[in-house]
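# A look at the structure
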Amino acid sequence: MAVKLFDLGFMSWKDSQLVYHALARLGIEAVVVQRTRDCYVSLGLFNSPQELDLAYLRSRGIPYFRREIGGGIVLLDREQLFYHVVVHRSAEHTPVKTDTFYRKFLSPVIATYRELGLKARYKPANDLVVDGRKISGNGAGLIGDCKVLSGSILFDFNHALMSRVLRLPGETFRARAEELMRERLTTLREQLGEFSPQEVKQALVGNFEELFGELEEASITPEIAREMRRLEKKYLSQEWLNMPGRAARELKIAEGCYLAFASLGEVEIIAERNEGRLRWVRATRRGERMPALEERLLGEEASYEKILNILTESLEYSQDVEEAARAIAGGN
Amino acid sequence: MELKAEQVLKVGEYEFPLDRLYYRGRNAHIWVKREGEAVLLGIDAFLAESAGYLNYISVTAEELTRGEAFANIESAKFVSKLYSPVSGRVVEVNSEVMENPRLVNQSPYEAWIVKVKPRSEAELGHEELLGESEAIAAWIEEEIARLEEE
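Residues numbered from 1 in each chain as written. Chains lettered and ligands numbered in written order. Predicted model: local features only at pLDDT ≥ 70, side-chain atom pairs only at ≥ 80, totals over all residues. Heavy atoms only, no water.

Of regular secondary structure, chain A possesses 12 helices and 17 strands. The C-alpha radius of gyration of chain A comes to 21 Å, within 12% of the 20 Å expected for a compact globule of 332 residues. Taken along the three principal axes of its C-alpha coordinates, chain A extends 65 × 45 × 40 Å. The burial tally for chain A puts 56% of its 332 residues in the buried class. Here the analysis covers contacts within chain A between residues at least 6 apart in sequence; of these, 66% occur between residues at least 24 apart. For chain A, the exposed area adds up to about 14,300 Å²; of that, 47% sits on carbon and sulfur atoms. (Helix = DSSP H or I, 4+ residues; strand = E, 2+ residues; numbered from the N terminus. Rg over C-alpha atoms; globule rule 2.2 N^0.38 Å. Buried < 20%, exposed > 50% of the residue type's maximum accessible area, 1.4 Å probe, protein only. Contact = heavy atoms within 4.5 Å. Areas by Shrake-Rupley, 256 points an atom, 1.4 Å probe, with all protein chains shown as cover.)

Residues and elements named next belong to chain A. Every buried residue of helix α12 (residues 319-329) is listed here: Val 321, Ala 324, Ala 325, Ala 327, Ile 328 and Ala 329. Tucked into the core, α12 has its buried residues touching β13 (250-254), β14 (257-264), β15 (267-274), β16 (277-285) and α11 (304-314). After α12 finishes, the residue Gly 330 shows a positive phi value of roughly 60°.

Now for the interface of chain B and chain A. Contacts between the two partners involve 22 residues from chain B, matched on the other side by 33 residues from chain A. Roughly 2,200 Å² of surface becomes buried between chain B and chain A when both sides are summed, with 53% attributable to carbon and sulfur atoms. For the chain B face of the interface with chain A, the top three residues by lost area are B:Tyr56, B:Lys77 and B:Phe78, together amounting to 33%. We note a salt bridge from B:Arg26 to A:Asp145, for which the minimum N-O separation is 2.5 Å. Inspection of the region where chain B meets chain A yields 17 residue pairs in polar contact (both at pLDDT 80 or more). Per-element tally for the side of chain B that touches chain A: the top contributor is strand β10 (residues 78-83) of chain B, with 5 residues. Across 2 bridges, the pairing between strand β10 (residues 138-143) of chain A and β10(B) is parallel. In the sheet register, A:Gly141 faces β10(B), and the bridge partner there is B:Val79. (Buried area = accessible area lost by both parts, 1.4 Å probe. Salt bridge = Lys/Arg side-chain N within 4 Å of Asp/Glu carboxyl O. Polar contact = N/O pair within 3.5 Å; in protein donor to acceptor, adjacent residues only side chain to side chain. Pairing = 2+ DSSP bridges.)

In regions of low pLDDT, the predicted coordinates are not meant to be interpreted in detail. For chain B, mean pLDDT is 93; residues scoring 70 or higher make up 96% of the total. Note on residues 1-5 of chain B: pLDDT under 50 across the span, and 12 contacts to partners over four residues away in sequence or across chains. (pLDDT = per-residue confidence, 0-100.)

Turning next to the domain arrangement of chain A. Residues and elements named next belong to chain A. Along its sequence, chain A is organised into domain 1 (4-241) and domain 2 (256-329). Distance from the C-alpha centre of domain 1 to the C-alpha centre of domain 2: 34 Å. Residue-level contacts link 9 residues of domain 1 with 11 residues of domain 2. Note on domain 1 versus domain 2: buried area summed over both sides is about 900 Å², and carbon and sulfur give 65% of it. Looking only at domain 1, the three residues that lose the most surface to domain 2 are Phe 173, Arg 176 and Arg 184, adding up to 54% of its buried area. (Domains from an automatic or database assignment.)

With respect to the helices and strands, A:Ala120 occurs in strand β7 (residues 120-123). Considered as a pair, A:Ala120 and A:Pro108 are 12 residues apart in the sequence and their alpha carbons are 11 Å apart.

The tally for this structure, following the rule as stated, stands at 15 aromatic pairs over all chains. Feature note: the residues A:Phe101, A:Tyr102, A:Phe105, A:Phe208, A:Phe212 and B:Phe78 constitute an aromatic cluster, connected by ring pairs. Cation over ring: A:Arg164 sits above A:Tyr56, and NZ or CZ is 4.2 Å from the ring centre. (Phe/Tyr/Trp six-rings, centres within 6.5 Å; stacked < 30°, edge-to-face > 60°. Lys NZ or Arg CZ within 6 Å of the ring centre and 35° of its normal.)

What follows is about the layout of surface pockets. Here the second largest pocket is characterised by a volume of approximately 540 Å³. Surrounding the second largest pocket, 20 residues form its lining, A:Leu45, A:Trp240, B:Ser58, B:Thr60 and B:Asn72 being those nearest its centre. Secondary structure elements with two or more residues in the lining of the second largest pocket: β7 (54-59), β9 (69-75) and β10 of chain B. (1 Å grid on protein atoms, 1.4 Å probe; cavity = no way out; pocket = protein on both sides within 12 Å on 5 of 7 lines; lining within 4 Å. Points joined across faces, edges and corners; volume = space filled by probe spheres on them.)

All names here are of chain A. The strand order β4-β3-β5 describes an open sheet built from 3 strands, whose pairing is mixed. Lying at the two open borders of the sheet, with one neighbouring strand each, are β4 (64-66) and β5 (74-76). The mean angle between the axes of side-by-side strands here comes to 30°, regardless of whether they run parallel or antiparallel. Looking at chain direction, strand β3 (residues 40-43) and β5 are connected through 3 bridges and run antiparallel. (Axes fitted to C-alpha atoms, helices over the stretch in contact; angles between N-to-C directions.)

Soluble globular proteins tend to bury their nonpolar side chains together. Ranked by internal contacts, the top residues of the largest apolar core, which has 34 residues, are A:Val109, A:Tyr113, A:Leu149, A:Ile153, A:Leu188, A:Phe208 and A:Phe212. Apart from the residues lying within four places of it in its own chain, the contact partners of A:Tyr113 are A:Leu118, A:Ala120, A:Leu128, A:Ile135, A:Ser136, A:Ser152, A:Ile153, A:Leu154 and A:Leu188. With 31 residues, the next largest nonpolar core counts A:Ala30, A:Met228, A:Tyr235 and B:Val79 among its residues. (Core = buried A, V, L, I, M, F, W, Y, C linked by side-chain atoms within 4.5 Å.)

On the surface, A:Glu92, B:Glu148, B:Glu149 and B:Glu150 cluster together into a patch of negative charge. Assessed through its relative accessible area of 84%, A:Glu92 is described here as exposed. (Patch = residues over 30% accessible without salt bridge, like charges linked within 9 Å, V, L, I, M, F, W, Y side chains within 5 Å. Lys, Arg positive; Asp, Glu negative; His and termini not counted. Charge placed at Lys NZ, Arg CZ, Asp CG, Glu CD.)

Time to look at the pairing of strand β2 (residues 8-11) of chain B. Regular strands place their side chains on alternate faces of the sheet. Residue and element names in this part refer to chain B. Across 4 bridges, β2 lies against strand β3 (residues 14-17) in antiparallel orientation. Counterpart to Val 11 in the pairing with β3 is Tyr 14. Joining the antiparallel neighbours β2 and β3 is a turn of 2 residues, in which Gly 12 adopts a positive phi near 60°.

Structure representation (structure tokens):
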């Protein structure tokens, strides 16, 4: 049976998420292309709402959604083209290995960027980058018996708002987070200036047809609409939205780029870890900069032992120093 | 296929200790090992490798139903589900694995996820639980062939 194409134009924020959850639950293999009318925040299944500045979101009337698939927190708005790929987990065209799954179903997105003249490439786990800068983020997972890939082509991006909706440890951290997002994320607007969203969508659909063969045009049937409304009760319930998630120890900007925070009482350290090295450091004691410590940390390999040595030599040893070294080094 | 002296079946690069059963229903790749009146459930080597490094596991059910999801796992921003081979009640969750899910990748047959009291002995006797080396090998060879086609 042919994979269906749902070209849905603009949808409400919640329907833009509910639609692919419903298709997957109903076992309908599909490529969905659409945009959202409203600005909202989408959490991965394991994110915690504690990572969001909920008071700010409320004050701005920005809702949030917890999707049933992976990936991190994303800010979504009308300046993005969403694509959702829904395939049965046991279908011949569905790879078993996660890495192969991403490579296969992101290839039409890469081809689309290339048609637009951008040298996009895949960066594991699931980023697409142009000249080292992220231009598309993706999440995926199993819903019912279907594997789902969900991502977006960024026409434009509100970096300031993205850094604002997150609950971050202070304004210095927030300012650096915004700077880093501008540095590490790019958009079609920035790369191309002028472009036609309609042509981008047509190119994307054409490239998915290269992969799947001709897609069968489809629209939301009463059965799909019923499933969306049924799922809405679950996904918008307080129990689902407020489900506890993993404790966020750092802010991920893009693959390989993290902003970490460590507090040792009077001393606070913000460190940017980039491809395994500390590329930017801000250390303060009671708000006063600590240039000697910053200099020692800057450029250092982000290994727990090395950072622990520096902190132990620069500050009085305590349990907090070990925890700080672990926070700054992250998983390295 | 090779059966080693210590009763570990090797199929391709994957090992399957024969002191336990393997659930092929829903292609779950969950192993089941008896421990007194309870059983331990974990992920087999094939799933541990094909999923990639696990970043997170959460157990989502206390009462398990055979063939239904009992946990979510995340690796490489992909959230997948683990399906239970038995109906029964979770009596213990391995907190060490919850803290450090990568233990599953490092030692899939040591890093059990939940301990379950099966509803009845019959839960361990259904046809989708494989214990014979020939049956396990035939299934895994099919799975490897799928991987190679990718």
